[in-house]
Each structure stands twice: as C-alpha cells, then as structure tokens.
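Structural overview for review
Spelled out from the first residue to the last, the chains are:
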Amino acid sequence: MKNSIATLALAGSLASALATIAAPAAFAAENSEKCYGVAMKGQNDCAAGKHDCAGKSTMDFDKGSFKLVPAGTCTSMKTPDGHGMLMPA
Amino acid sequence: MSLDTQTRFAVALTDPAAPVPKGLASWTGSQPERRFAVYRNNVIAALTGALAARFPASQQIVGEAFFAAMAADFIRAHPPRSPLLLSYGDDFAEFVERFEPAKAIAYLPDVIRLEAARGKAYHAADVASLDAATLAALSPARLADLVFVPHPSLCVLRSPHPVVTIWAMNAGEAALQPIANWAAEDAMVIRPHLIVEVRRLPPGGAAFLQALAQGTCLAAAVDIATEDADAFDLSANLAGALQSGAFIAFR
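Keep in mind that what you see is a predicted model, and the values were worked out from it rather than measured. Along each chain, residues carry numbers from 1 onward, in the same order as the chain's sequence is written. Here every chain gets a letter starting at A, and every ligand a number starting at 1, in the order they are written. Reporting of local features is limited, given that this is a predicted model, to residues whose pLDDT is at least 70; pairs of side-chain atoms are given and counted only at 80 or more, and all residues count toward the totals for whole chains, interfaces and linings. Water and hydrogen atoms were dropped before computing side-chain values, which therefore reflect all heavy atoms in the structure.

For the rest of this paragraph, the subject is the pattern of salt bridges. Residue and element names in this part refer to chain B. By definition, a salt bridge exists where a carboxyl oxygen of Asp or Glu is found within 4 Å of a side-chain nitrogen of Lys or Arg. Applying the stated criterion across every chain yields a total of 11 salt bridges over all chains. Note that R8 and D4 form a salt bridge whose closest N and O atoms lie 3.6 Å from each other. With R8 and D4 both in helix α1 (residues 3-14), this residue pair falls four residues apart, about one helical turn. A salt bridge links D186 to R158; its shortest N-O distance comes to 3.4 Å. You can see D186 sitting in strand β3 (residues 185-190) and its partner R158 sitting in strand β2 (residues 155-159), a full 28 residues away along the chain. Relative accessibility decides the category of a residue: with a 1.4 Å probe and only protein chains considered, values under 20% of the type maximum give buried, values over 50% give exposed, and everything between is partly exposed. Relative accessible area serves as the criterion here: at 12%, D186 is assigned to the buried category. The partly exposed category is assigned to R158, whose relative accessible area is 36%. Each helix is a run of DSSP H or I of at least 4 residues and each strand a run of E of at least 2, with the numbering of both proceeding from the N terminus.

Next up, the structure:
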C-alpha cells in the first residue's frame, strides 16, 4: 500500500477533495439538520406535568394492555416489506 | 437513614411488587402506603420524562402511551446509576431490542441509538475541527500513513434499516411519507459547532470513518472501505469527512 501508485491515488483524491471543499455547495453527506430538543429540560418536576400526584401510582401498563397501542406515525410509513406496520406483539 | 434502609427504600421505589419499606410514618394520618405510592409515581413519571426528552423521535414513532409503558418497564429494570440524567438511557436501545411488544418495529432500537448518539454529541467537549487547508501542504509521500484524530462528538452508526430517513421524518426534519426505497442506511452524528448534525453516509463511508476514528492509517482505512463497498468514493468521502468536521488533527 505504500507503492507509488497508491500514493498517487491518495494524493489525487485528497486534492480533489480539497477542491470540492473550496467550492461552494460542495458534497455534503445528506440530510444535515438543525438540532433542537436535545437540551434536557427540567425533568425533575413533580410528575413532569403529565400525571397528577394522587392516585395515578397504580397505573401500570402490564404486558397485556400494551398489545393495543402503538399509535404513532410509524404505521404511516408504508414500506415494501411491511416494516411500517405495527402488529400487536 | 442507614444504608440498609436507603437500599430497601430505593428498591421499593421502582418495584411496585415490593412491600412499602418498614418504618414509614405519615403525619397526616392517611396510610403511608398512599404517600409512598405518590413517591413511586413521581419517580417513574420524572424518569419517563427524561427518556422522552432524550428520545423524542422514538416516542413519536410508537406514540406517547406505548412509549410511557415501555419506559416504565425499562426504568424498573434499569434504574439510574448516575445522578446525571443526561446519560440516562444509554442502554435503552438494548432493552427495547428485547422488549416483546416492540418486536414488530425492528428499526426502533436503531432510531434510539441515533438519538442517544445525538445526546452524547450535544454534551461532548467543544473542539475546533481540522482545517482542511493544512492537509494541502502535506507531501504526498506522507498521506498513506496519515492518522486522524476524531472529533469527540463523532459517532458512526450502521443500520440495516433506513434509520436516518425514519429519524428525520419523526424528528420533523423531513415530511412524513411512505419510504419507497427501504434500504440500509449508515449515519454520522457530529457536533462541530453548536448544532448536532446527522448525516447519511455514502457507500463505504461508515467503514472508512470507523477505521479512521480507531486510529487506522489512511491507506489501510481506504482498503477497509473498498472491501466494505465497491462503490466507495475516496474523494467524496474525504471531502465529506473534512467538511463535516469529523477530525480535529492528524499526525
């Protein structure tokens, strides 16, 4: 791998890579995005605003009651091999 | 509180089947059981909130109710080991992988891994990325042995699922629509400045970056990437890596 051909190939690739970077609107791996929501918000509030403090504590989805739900967006992502479907487990 | 009391108290908090710790008293006169139940609920609700904040796209995919129930099971099996909530859920993906009700959503663990990597990148050290221009001055003879130092926020993820597309659609980065091309996707997570970026990697890109990040020299990394994917394009991948700030130095 240290022969001159490999060195030339590397040098050529690097040169063209550097040229690409210098040009505007260059190669970018797709899908760059803005980040939000990564910052942790104050999670330590009492019950995180979702449950009132009283009486909810016995709420506990057991395995049985789970089978119903997943009502998210994944079912709307149709795929050739059916990965988007959410069948009850 | 003795250590023993503390331990029993902590165990009972996340285990609903455990008896209420001995010696609890309540000044209001209502049973300590009811007071302790409120405490139990708050612990689960707060930690569920922490997981939902860290894995919003995953929550979006399965829905709030499913996510909350799955999180509660995880919290009971893996209570926090550190007071830092920002690292809580590092092993959530492995848990979900074995979580029976989520088996139908085979890609969910990889979406969780991607979100976990984003959180880590967000909290990684701030370091300026390598200025690509410094490479131009190198003698060609040195290139083959070049070793790069990865940016502390860099994470490369490989998935047999279109994980970047699925994540982007559920994080509000892309419109939700049918995925016509259900193909494997590799992702790069990086935070060169203030913003965490997720990039879809071209063929061989993940193998290339992983090799370089482990300290493999450039020539060997190129061999590994070419082995991984015939279509590996060295020039495009070098440009992509340098441009996204994946490295901070070379030697």
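This is not the end of the story, as more comes after the structure.
Residues and elements named next belong to chain B. Note on pairing: DSSP must find at least two bridges between two strands before they are called paired. Strand order in the open sheet formed by three strands is β2-β3-β4, and the pairing between neighbours is antiparallel. Edge strands, defined here as strands with exactly one partner in the open sheet, are β2 and β4 (197-200). With direction set aside, neighbouring strand axes in the sheet form an average angle of 20°. Two residues qualify as a contact provided that any one of their heavy atoms is within 4.5 Å of a heavy atom in the partner residue. Axes, fitted as lines to C-alpha atoms, cover a helix only where it is in contact. Angles between the N-to-C directions of the axes lie from 0 to 180 degrees. Together, β2, β3 and β4 form the strand contacts of helix α6 (residues 108-123), whose direction differs from that of β2 by roughly 175°. Relative to β3, helix α9 (residues 163-170) is tilted by about 60°, and along the sheet it contacts β2, β3 and β4.

Residue and element names in this part refer to chain B. Formed by 53 residues in total, the largest nonpolar core has its most connected members in F67, M70, F92 and L108. Elements with a contribution of two residues or more to this core: α1, α2 (32-54), α3 (56-62), α4 (64-77), α5 (92-97), α6, α9 and β3. When we break this core down by domain, the ones giving at least three residues each are domain 1 (1-105) and domain 2 (114-251). With sequence-adjacent residues up to four places away left out, F67 is seen in contact with T48, L51, A52, F55, S58, Q59, V62 and F92. Counting 35 residues, the second-largest nonpolar core is a separate cluster that includes L146, L209, A221 and A239. Only buried residues count toward a nonpolar core, which is a set of Ala, Val, Leu, Ile, Met, Phe, Trp, Tyr and Cys residues joined through side-chain atoms within 4.5 Å. By convention here, the domain bounds are inherited from an automatic or database domain assignment.

To continue, consider the packing of helix α10 (residues 205-213) of chain B against helix α12 (residues 234-244) of chain B. All names here are of chain B. At a minimum axis distance of 11 Å, the contact between α10 and α12 shows a crossing angle of 60°. Considered as vectors, α10 and α12 are oriented oblique to each other. Remark: the crossing between α10 and α12 carries right-handed chirality. Residues G205, F208 and L209 of α10 lie in contact with α12, whose contacting residues are L234, N237, L238 and A241. For classification, angles of less than 35 degrees are called roughly parallel, those exceeding 145 degrees roughly antiparallel, those between 65 and 115 degrees roughly perpendicular, and all remaining angles oblique. Here a crossing is called left-handed whenever its near helix is offset anticlockwise from the far helix by less than a right angle, and right-handed whenever the offset is clockwise.

With that settled, consider α1(B). All names here are of chain B. In a helix, the anticipated span is given by 1.5 Å times the number of residues less one. Across its 12 residues, α1 extends 17 Å between first and last C-alpha, which sits within 8% of the 16 Å expected from 1.5 Å per residue. Of all the residues in α1, the buried ones are F9, A12, L13 and T14. Summarising the contacts, the buried residues of α1 are in contact with α2 and α4.

Two aromatic rings, taken as a pair, are described by how far apart their centres are and by the angle between their planes. All names here are of chain B. Between rings of Phe, Tyr and Trp, where Trp is taken as its six-membered ring, a pair exists when centres lie within 6.5 Å; planes separated by under 30 degrees are stacked, by over 60 edge-to-face, and by other angles tilted. Following the criterion strictly, the structure yields 13 aromatic pairs over all chains and no others. Ring centres of F208 and F232 lie 5.0 Å apart, and the angle between their planes is 55°; on these two criteria the pair is classed as tilted. Of the two residues, F208 sits in helix α10 while F232 sits in the loop between α11 (218-228) and α12, which places them 24 residues apart along the sequence. Each of the two residues, F208 as well as F232, counts as buried. A connected cluster of aromatic rings, assembled from ring pairs, spans F55, F66, F67, F74, Y88, F92, F95 and F99.

This part is about the pairing of β4(B). Residue and element names in this part refer to chain B. Going residue by residue along β4, you find E197 and R199 tucked away on one face and V198 and R200 tucked away on the opposite face as well. Where β3 meets β4, four bridges bridge the pair, whose relative direction is antiparallel. By the bridge assignment, I190 is partnered in β4 with E197. Between the antiparallel neighbours β3 and β4 lie six residues.

Residues and elements named next belong to chain B. Take S129: it is sitting in the loop between α6 and α7 (133-136). In this structure the C-alpha to C-alpha distance between S129 and G245, which are 116 residues apart in sequence, comes to 4.9 Å. The residues contacting S129, other than those within four sequence positions of it, are H151, P192, G245, F247 and I248. Among the polar contacts made by the side chain of S129, one reaches the main-chain carbonyl oxygen of G245 at a distance of 3.0 Å. Polar contacts, as counted here, are pairs of nitrogen or oxygen atoms within 3.5 Å of one another; within protein the pair requires one atom able to donate a hydrogen and one able to accept it, and residues that are adjacent in sequence qualify only if both atoms are side-chain atoms.

On their own, these measurements won't tell you what the molecule is for.
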